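Descriptive structure summary
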Amino acid sequence: MTEPIPLGGSRIIGIRGPELYYKFRKKEALWPFVTCVWLPNPAGRIRQWFWVLSEMFENDRMRRDSPGGKDPLAAQLDAIQRLSDFSTRLLGTNDVSIMIRDLLQAVLAVQSAERGEIRLYNSNQDSLDLVASAGFPAALPFDYGGLYDRGSPAWLAMLTGQRVVSEDVLSDLKFAPWRDVAVARGFRSVHFTPMLNRLGGPIGVLSAYFPSPRSSPESESRLIELYSRHATEAISHRRSLENQLRLASVVENSMDFVGLASLDGQAEIVNRAGREMVGLDDLAAVRATRIPDYIAEEDRKDLLPQMMSTLMREGKWQGEIRFRHFKTGDLIPMMQHTFVVRDEVSGQAVAFGTIARDMRRRKRAAEALREARAELAHIARVNTLGQLATAIAHEISQPLSAVVNAGRAGLNWLRHSPPDLEEARDAFEEILRQGQRAGEVIDRIRNLVKRGPPQFAPVNLRQLIGDVILLTRPDLDRHSIRVESELEPDIPAIQGDSVQLQQVLLNLILNAVDAMSPRPAGDRDLLLTLTRQANDTVVIGVRDSGTGFDPGSADQVFAPFFTTKAAGLGMGLPISRSIVEAHGGSLWAAPNPSGGTVFLFSLPLQRPL
């Protein structure tokens, strides 16, 4: 045990257990006594000292004249002994309900009160909830008519941290709103003692009721506050342990990587899921590692210094980083949140905490989604080619027919006697031109049908629009649709996938053809536009004179599987929008003021990173 600190002009008059008694002469006939009580922790070390100053104006003559009077020092010693016994009982239990019951009984004994109760603060309901009571008949309902509502003396005691004592509720003006309650419950005096945690935050209030008016001597108040303070600390400590156990259970059962490391980087704790993630068998293996050991070598050089610098400067860091598997060396992409753990009282940094999520499953899901979208886009292109079968056949048959005719003509010129070589040469050159034309048509079709990842390269949008018009020309002519184009000159090439952009424009034109089919042949007009905007974007427009749609359903047409065609998939427009958005642009629809619909999509001149 640590030696007690002597008080100036005093002498130790006794030591009993955790109690010391000091006595010093201040002036004639005035003997103040100071009692020091030390409270041990479970290991037996001194956790806290409490000093109780009691001034007893003793007079030797009065004591001689009243030999039967109770020695004030003896009463003080008895009270201190009860506090010591109470402290010992608190150390012997982990049950908060027992702690609360013992506190109530001890405080009532100090005040010689028969009735009392303890109410704890409920932060969720902002109320004082009854948790323990003594001395009340079982049939008496615990209805106090607002005595424990906000603004009441009980709340005042808890919020100010000071005892509130109403010596006589019938004459105490501050207690006037609750006099009817006091009369109905049979008490004339009530004392409220606050219960505060070690940070001064409210925990609850302890109440004692008396059947007749009663004051609260200063020595009694000090003892009650000691009881309350000590019990509150024990309750708070136990609740903190319970919260830690609950938190530890949540952490241990989390599917994320959760870890704790010392400020010098030594790993201390990694939860079960985290250990399985990186290939560590147990906590002993964890404690043999340091923070850099978990990071992939490439990220250890680049990201780790940046992470630690931000962590020390701002107290937290979040970003994507790669862990490594200790046994296989496999890289594990993680979204990591690292933070400084601080002491709740001093605010000093005590550790580093980490919560990290394995991104492999999300990345696999994203890749699967990308592949599914690509497959749907491929299906949509094949479906589009089915609609263009007539146009494709026409595009190929024209150059093939020209090849056959030129070949026959060339043979005829060679059969002449003498052969006309000049005419034959012209015929063979026509064969080459038409063969090249047929090859270009086949290349366009093959590019449109092939599946594969996007290939970003410079795209001439004027040429792309012209190619799509050539591809759809037979279908447009068959439906008697007049086609016009307004394409701004000097539009620079953009970075994009020409096949995907062709698919978007092709889908919009075919939708326009379907929308204009019910209209009279002379009222079918299609306008294609290409304009450059001030914000370095280009906008391609497809304006038809079809049946149009309700302006309120502009977004509905882009919903998956929404279609007005009897044999439509309802995926053309959603896929087109996803392609445009993947290029950093947007696709939208609006009514054509002259009747029909306008579909527009924007593309940035610079490809987004």
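Here we summarise the structure given alongside this text. Values in this document were obtained by computation on a predicted structure and should not be read as measured data.

Cut-off values and rules
- Residues numbered from 1 in each chain as written.
- Predicted model: local features only at pLDDT ≥ 70, side-chain atom pairs only at ≥ 80, totals over all residues.
- Heavy atoms only, no water.
- Helix = DSSP H or I, 4+ residues; strand = E, 2+ residues; numbered from the N terminus.
- Buried < 20%, exposed > 50% of the residue type's maximum accessible area, 1.4 Å probe, protein only.
- Contact = heavy atoms within 4.5 Å.
- Areas by Shrake-Rupley, 256 points an atom, 1.4 Å probe, with all protein chains shown as cover.
- Phe/Tyr/Trp six-rings, centres within 6.5 Å; stacked < 30°, edge-to-face > 60°.
- Axes fitted to C-alpha atoms, helices over the stretch in contact; angles between N-to-C directions.
- Left-handed = near helix turned anticlockwise from the far one by under 90°.
- Nonpolar A, V, L, I, M, F, W, Y, C, P; charged D, E, K, R; others polar.
- Pairing = 2+ DSSP bridges.
- 1 Å grid on protein atoms, 1.4 Å probe; cavity = no way out; pocket = protein on both sides within 12 Å on 5 of 7 lines; lining within 4 Å.
- Points joined across faces, edges and corners; volume = space filled by probe spheres on them.
- Salt bridge = Lys/Arg side-chain N within 4 Å of Asp/Glu carboxyl O.

Time to look at the overall build of the protein. Scanning the protein from terminus to terminus reveals 15 helices and 21 strands. Put simply, the protein has 609 residues, and 42% of those count as buried. The contacts of the protein with a sequence gap of at least 6 include a subset with a gap of at least 24, amounting to 57%. Total accessible area on the protein is roughly 33,000 Å²; 53% of this is exposed by carbon and sulfur atoms.

The next point concerns helix α4 (residues 153–160). Side chains three or four residues apart in an α-helix point the same way, a direct result of the helix having 3.6 residues per turn. Taken residue by residue, α4 has Pro153, Ala154, Trp155, Ala157 and Met158 as its buried positions. As for α4, its buried residues are in contact with β5 (115–122), β6 (127–134), β7 (164–166), β8 (189–196) and β9 (202–210). Just past α4, the residue Gly161 takes up positive phi, approximately 75 degrees.

Let us look at the environment of Leu170. Inspection of the secondary structure puts Leu170 in the loop between β7 and α5 (179–185). In this structure Leu170 comes out as partly exposed when scored by relative accessible area, which is 40%. Sequence-wise, Leu170 and Asp180 are 10 residues apart; in three dimensions their C-alpha atoms are separated by 9.3 Å. What Leu170 contacts, discounting residues up to four positions off in sequence, is Arg179, Val183 and Arg188.

Moving on, we come to the packing of aromatic side chains. Describing an aromatic ring pair means giving the distance of the ring centres and the angle of the ring planes. This model, assessed by the stated rule, comprises 7 aromatic pairs. Here Phe257 and Phe323 contribute two aromatic rings whose centre-to-centre distance is 5.3 Å and whose plane-to-plane angle is 85 degrees, an arrangement assigned as edge-to-face. Here Phe323 lies in strand β12 (residues 316–324) and Phe257 lies in strand β10 (residues 257–261), a separation of 66 residues in the sequence. On the basis of relative accessibility, which here comes to 4%, the residue Phe257 falls in the buried class. An aromatic cluster is defined as three or more aromatic residues linked by ring pairs; in this entry it consists of Phe257, Tyr294, Phe323 and Phe326.

Our next topic: the packing of helix α13 (residues 461–478) against helix α14 (residues 498–516). One way to put it is that α13 packs onto α14 with a least axis distance of 10 Å and a crossing angle of 35 degrees. Helix-helix and strand crossings are classified by hand; for α13 and α14 the assignment is right-handed. Two secondary-structure elements touch here, α13 through Leu464, Ile465, Asp467, Val468, Leu471, Thr472, Asp475 and Leu476 and α14 through Ser498, Leu501, Gln502, Leu505, Leu506, Ile509, Leu510 and Val513. For the contact of α13 with α14, a count of residues per class yields 11 nonpolar, 3 polar and 2 charged.

This part is about the sheet that holds strand β21 (residues 597–604). What the 5 strands build is an open sheet, ordered β16-β18-β19-β21-β20; its pairing is mixed. Two strands close off the open sheet at either side, each with one partner strand: β16 (482–487) and β20 (586–591). Shown here is a sheet whose adjacent strand axes are inclined to one another by a mean of 15 degrees, direction ignored. Two elements, strand β18 (residues 525–532) and strand β19 (residues 537–544), share 7 bridges in a ladder whose sense is antiparallel.

This part takes up the environment of Gly407. Mapped onto the elements of the fold, Gly407 is located in helix α11 (residues 389–415). In the structure, Gly407 is positioned 20 residues away from Ala427 in sequence and 6.6 Å away in space, judged by C-alpha atoms.

This next bit is on the sheet that holds β10. Pairing in this open sheet of 5 strands is antiparallel, and the strands run β11-β10-β14-β13-β12 from one edge to the other. Two strands lie at the open edges of the sheet, namely β11 (267–270) and β12, each paired on one side alone. Recorded for the sheet is a direction-independent mean angle of 25 degrees between the axes of neighbouring strands. By the bridge criterion, 3 bridges tie β10 to β11 in an arrangement that is antiparallel. Looking at the pairing, Ala261 lines up with Ala267 of β11. Strands β12, β13 (331–342) and β14 (349–358) of the sheet are contacted by helix α9 (residues 297–314), whose axis makes an angle of about 155 degrees with β12.

It is worth spelling out empty space enclosed by the protein at this point. One pass over the structure, following the stated rule, counts 1 cavity of 30 Å³ or more. Empty space within the largest cavity amounts to approximately 180 Å³. Around the largest cavity, the lining comprises 17 residues; the ones closest to its centre are Phe257, Ala261, Ile291, Tyr294 and Thr354. Elements with a minimum of two residues in the lining of the largest cavity: β10, β11, β13 and β14. It is β10 that provides the largest number of residues to the lining of the largest cavity, a total of 4 residues. In terms of residue class, the lining of the largest cavity is built from 12 nonpolar, 5 polar and no charged.

A word on the side chain of Thr310. Here Thr310 is to be found in helix α9. Classification of Thr310 as buried rests on a relative accessible area of 14%. If we ignore the near neighbours within four places in the chain, the residues touching Thr310 are Gly315, Lys316 and Trp317.

Quick look at the side chain of His479 now. Mapped onto the secondary structure, His479 falls in the loop between α13 and β16. Those residues in contact with His479 that lie beyond four places of it in its chain are Val513, Ser517 and Arg524.

Another point: the pattern of salt bridges. Applying the stated rule across the entire model yields 14 salt bridges. A salt bridge links Asp168 to Arg188; its shortest N-O distance comes to 2.7 Å. In this pair, Asp168 sits in the loop between β7 and α5 while Arg188 sits in the loop between α5 and β8, placing the two residues 20 residues apart along the sequence. Residue classification places Asp168 among the buried residues on the basis of a relative accessible area of 16%. By relative accessible area, which is 28% here, Arg188 ends up partly exposed.

For the rest of this paragraph, the subject is the pairing of β21. When you tally the buried positions in β21, you get 8 out of 8 residues, the bulk of the element. Of the two faces of β21, the one lined by Thr597, Phe599, Phe601 and Leu603 and the one lined by Val598, Leu600, Ser602 and Pro604 are each fully buried. Summarising the sheet, β19 and β21 pair through 7 bridges and their orientation is antiparallel. Within β21, the position partnered with Val542 by the bridge is Phe599. Here β20 runs beside β21; their pairing, made up of 6 bridges, is antiparallel. Residue Pro591 lies in a different strand from β21, and its bridge partner there is Thr597. The turn joining β20 and β21, which pair antiparallel and follow one another in sequence, is formed by 5 residues; a positive phi near 110 degrees is taken by Gly595.

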